[in-house]
Amino acid sequence: MMEISLKQGSVRSLKTACIAVAVFAGKRLSPSAQALDKTSHGALSRIIKRGDINGTVGEVLMLPDVAGIEAERVLLVGAGKVEGITGTEYSSMLGKVAKAITDAGLKNAISALGEIEVKEHDLKWKARQLSVAFRSAAYRFDRLKSKPSRKPLLSRLWLHGDDETGAGTMAGIQLGKAIALGLDLTKNLANLPGNYCTPTHLAETAEELAKTYPSLKCTVLNEADMQKLGMGSLLSVARGSRQPPKLITLEYRGAGPTAKPIVLVGKGVTFDSGGISIKPAAAMDEMKFDMTGAACVLGIMKSVAELELPINVVGVAPATENLPDGAASKPGDVVTSMSGQTIEILNTDAEGRLILCDALTYSARFEPDVVIDIATLTGACIVALGSHASGLLSNHDPLAEELLAAGQRIGDRAWRLPLWDEYQKQIESPFADMANVGGREAGTITAACFLARFAKDYRWAHLDIAGTAWTGGKAKGSTGRPVPLLMEFILNRCG
Ligand code: BES
Ligand code: MN
Ligand code: ZN
């Protein structure tokens, strides 16, 4: 595990494999860059003058062996306007810095990037983002390779800065570390393929968490328990699979037994083949990521417990596979949900809402302050928003605003779509109280309209993370989103 700590003293004499310093737009040097420039008799300003780096946010230029200074390398980092950049710009810049330093295989490094002015953010926030960025860059998923990579990873990072007491920076580092721990768990679970990451594996992981953190209480419901509760909708999805479904709950009560909790509900489809309405073969492997909502819930509960936050949070994760067995649901089947409402299953590939609806009904027992569900729910959301924003739909405007603001602040944005009554018509059914699909138009909204029918008794928001949960292509893998957004939301509520 990477160690991150504070370092004081003059940048010129710091011994390290690499020191990262900022260059502002208009080729202006930051104070640390100026100090290095002076000791190196103008080496940095000569390079900058030649135009190898301009100071645009996110540019990076690695300089080996700069004469006259102790550091073995200098990483020049474009940092935009001297007056300040946005939090989003700063975070994306840190991602590039962390990647450059990590990919170079260096053992240690110093960041002097706390000097960059970031609008509306302090040193603590900057240290937190830096800590998350470097730990994320160090993330590897090679446990299923017979010979894991031996490439050395950055083991030590120092933050250099003008934080006099170091208190803000240290607090930010600790916060970032706890968030990164949760993020790593989320990514590990999401990247783990369906033959390893079964509903049972998710349940065992939650139980282990509760063993590690006594502040977490874990409950796992099995098929028989769900039957007793009347979760006919969730069970109808599970019938198509040989893996037994699980309904996982993790409770954390850091604010005493009476404060109403935030309830997080995460879709845990450990593989989504589409069921009888089977999906096309292309990229079907990516449907192992269809449990990312559940993975986010587990990761967040870990971070919350690690930080011992003064707040109540309950995580709920319905987990199942969606496969086309002989016992699987067929198009046209009608099932009865825990709420008593009946559902005509027109498409077995719209399974996420079928498991979430019962989990939403179940969540009412925690007398929630708010319920937020997280789900890789609709391909339509990718069409609407691409991979930059998660879709957000809610029955409570202040909650929606709060989530949007949290995402904006931390660079893990969501974008709200309407939940108007007019859309409800699309999921009317001649045979049941509702259908599980609403046609081609506004697919993300009609999916949320379906869920809204089960979330009438509390303030509720839904995050559709189909476009943000993972990246495809060569760098295929879980992004851990929207863990940062939700951690920011929770931390803000802690005051
Ligand atoms: N898990 C998928 C949604 C999905 C698809 C996420 C692609 C990320 C990438 C979900 O269960 C699903 O299959 N949704 C259907 C709904 C449709 C049948 C109304 C979809 O989006 O095609
Ligand atoms: Mn599906
Ligand atoms: Zn799905």
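These figures come from a predicted structure and were not determined experimentally. (Residues numbered from 1 in each chain as written. Chains lettered and ligands numbered in written order. Predicted model: local features only at pLDDT ≥ 70, side-chain atom pairs only at ≥ 80, totals over all residues. Heavy atoms only, no water.)

1. Quick notes on the nonpolar core
Line of reasoning, step 1. Core analysis: the largest hydrophobic core is formed by 61 residues, its most contacted members being L216, L264, I372, L403, L486, F489 and I490.
Line of reasoning, step 2. Here this core takes nine residues from helix α9 (residues 292-307), the largest share from any one element.
Line of reasoning, step 3. Those residues in contact with L264 that sit more than four places away from it in its chain are V297, I300, V313, V314, G315, V316, I372, I374, L486 and I490.
Line of reasoning, step 4. Of all hydrophobic cores here, the second largest spans 42 residues; its members include L234, V335, A359 and L451. (Core = buried A, V, L, I, M, F, W, Y, C linked by side-chain atoms within 4.5 Å. Buried < 20%, exposed > 50% of the residue type's maximum accessible area, 1.4 Å probe, protein only. Helix = DSSP H or I, 4+ residues; strand = E, 2+ residues; numbered from the N terminus. Contact = heavy atoms within 4.5 Å.)

2. Comments concerning the coordination of the manganese ion (ligand 2)
Line of reasoning, step 1. With distances of 2.0 to 2.2 Å, the protein atoms coordinating the manganese ion (ligand 2) are D272 (OD), D349 (O), D349 (OD) and E351 (OE).
Line of reasoning, step 2. Classification of the site at the manganese ion (ligand 2) rests on its six donor atoms, whose angles at the metal span 70 to 165°, yielding the label irregular.
Line of reasoning, step 3. Binding-site remark: the manganese ion (ligand 2) is held by donors from one chain whose sequence spacing is D-x76-D-x1-E.
Line of reasoning, step 4. Here the manganese ion (ligand 2) and the zinc ion (ligand 3) are spaced 3.2 Å apart, and both take D272 as a donor. Of this pair, D272 sits in strand β11 (residues 268-272) while E351 sits in the loop between β14 (342-344) and α10 (352-363), and the two are 79 residues apart along the sequence. (Donors = N, O, S within 2.8 Å, 3.2 Å for Na, K, Ca; no water. Tetrahedral: all angles 85-135°; square planar, octahedral: opposite > 155°, others 65-115°.)

3. Points about the site of ligand 1
Line of reasoning, step 1. In the neighbourhood of ligand 1, 17 residues make up the surrounding shell, with D272, D290, D349, E351 and G379 lying closest.
Line of reasoning, step 2. One of the backbone nitrogen or oxygen atoms of G379 is found 2.7 Å away from an oxygen atom of ligand 1.
Line of reasoning, step 3. In isolation ligand 1 exposes 510 Å². Once the protein is present, 78% of that is buried.
Line of reasoning, step 4. Of the residues contributing to the shell around ligand 1, the split by class is six nonpolar, four polar and seven charged. (Near = heavy atom within 4 Å. Polar contact = N/O pair within 3.5 Å; in protein donor to acceptor, adjacent residues only side chain to side chain. Areas by Shrake-Rupley, 256 points an atom, 1.4 Å probe, with all protein chains shown as cover. Nonpolar A, V, L, I, M, F, W, Y, C, P; charged D, E, K, R; others polar.)

4. Quick word on the packing of helix α3 (residues 87-103) against helix α4 (residues 123-137)
Line of reasoning, step 1. At a minimum axis separation of 8 Å, α3 and α4 run at an interaxial angle of 40°. Looking at the two axes, α3 sits oblique to α4. Considering only the axes of α3 and α4, their crossing is right-handed. Residue-level contacts link G87, Y90, S91, L94, G95, V97, A98, K99, I101 and T102 of α3 to W125, K126, Q129, L130, A133, F134 and A137 of α4. (Axes fitted to C-alpha atoms, helices over the stretch in contact; angles between N-to-C directions. Parallel < 35°, antiparallel > 145°, perpendicular 65-115°, else oblique. Left-handed = near helix turned anticlockwise from the far one by under 90°.)

5. Re the sheet that holds β14
Line of reasoning, step 1. With mixed pairing, the three strands of this open sheet are ordered in space as β13-β14-β18. Because the sheet does not close on itself, it has two edges, and the strands there are β13 (334-336) and β18 (434-435).
Line of reasoning, step 2. Pairing geometry for β14 and β18, over two bridges, is parallel. Residue pairing for β18: E344 is matched across the bridge by A435. (Pairing = 2+ DSSP bridges.)

6. Section: the pairing of strand β19 (residues 459-464)
Line of reasoning, step 1. Of all the six residues making up β19, five are buried; the element is thus mostly covered by neighbouring parts of the structure.
Line of reasoning, step 2. Where strand β15 (residues 370-375) and β19 come together, six bridges link them in parallel fashion. Each bridged residue has a counterpart across the sheet, and for A375 the counterpart in β19 is D464.
Line of reasoning, step 3. Bridging between strand β16 (residues 390-394) and β19 involves four bridges; their strand directions are antiparallel. Looking across to β19, one finds that L392 is bridged to L463.

7. Quick notes on the domain arrangement of the protein
Note: interface size is frequently given as the accessible area lost on complex formation between the parts.
Line of reasoning, step 1. The assigned domain composition of the protein is domain 1 (3-140 + 154-159) and domain 2 (183-493).
Line of reasoning, step 2. Placing a centre on the C-alpha atoms of domain 1 and another on those of domain 2 gives a separation of 39 Å.
Line of reasoning, step 3. Counting from both sides, the interface comprises 10 residues of domain 1 and, opposite them, 12 residues of domain 2.
Line of reasoning, step 4. Of the roughly 890 Å² buried at the junction of domain 1 and domain 2 (both faces included), carbon and sulfur atoms supply 43%.
Line of reasoning, step 5. Taken as a group, T88, R128 and Y139 account for 59% of the area that domain 1 buries against domain 2, more than any other trio of residues on that side.
Line of reasoning, step 6. The interface formed by domain 1 and domain 2 includes one salt bridge.
Line of reasoning, step 7. Among the ionic pairs, R128 bridges to E488, the shortest N-O distance being 2.7 Å.
Line of reasoning, step 8. Across the contact surface, domain 1 and domain 2 share three residue pairs in polar contact (both at pLDDT 80 or more).
Line of reasoning, step 9. Among the elements of the structure, α3 and α4 are those that each provide at least two residues to the side of domain 1 that touches domain 2.
Line of reasoning, step 10. When residues in the side of domain 1 that touches domain 2 are grouped by element, the largest group, five residues, is from α4.
Line of reasoning, step 11. By residue class, the composition of the side of domain 1 that touches domain 2 is three nonpolar, five polar and two charged. (Domains from an automatic or database assignment. Buried area = accessible area lost by both parts, 1.4 Å probe. Salt bridge = Lys/Arg side-chain N within 4 Å of Asp/Glu carboxyl O.)

8. Points about helix α1 (residues 31-39)
Line of reasoning, step 1. Of all the positions in α1, only S32, A33, A35, L36 and D37 are classed as buried.
Line of reasoning, step 2. If you follow the buried residues of α1, they end up packed against β2 (19-24), β3 (28-29), α2 (43-49), β5 (73-78) and β7 (156-160).
Line of reasoning, step 3. Note on α1: the residue one or two positions beyond its end, H41, has a positive phi of about 55°.

9. Comments concerning the packing of α10 against helix α13 (residues 443-452)
A packed helix pair is summarised by two numbers, namely the angle formed by the two axes and the spacing between the axes.
Line of reasoning, step 1. Between α10 and α13, whose axes approach to 9 Å, the crossing angle comes to 30°. In terms of orientation, α10 lies roughly parallel with respect to α13. Crossing geometry of α10 relative to α13 is assigned as right-handed. Residues R353, L354, L356, C357 and L360 of α10 touch α13, and the partners they reach there are A447, F450 and L451.
Line of reasoning, step 2. Of the residues contributing to the contact of α10 with α13, the split by class is seven nonpolar, no polar and one charged.

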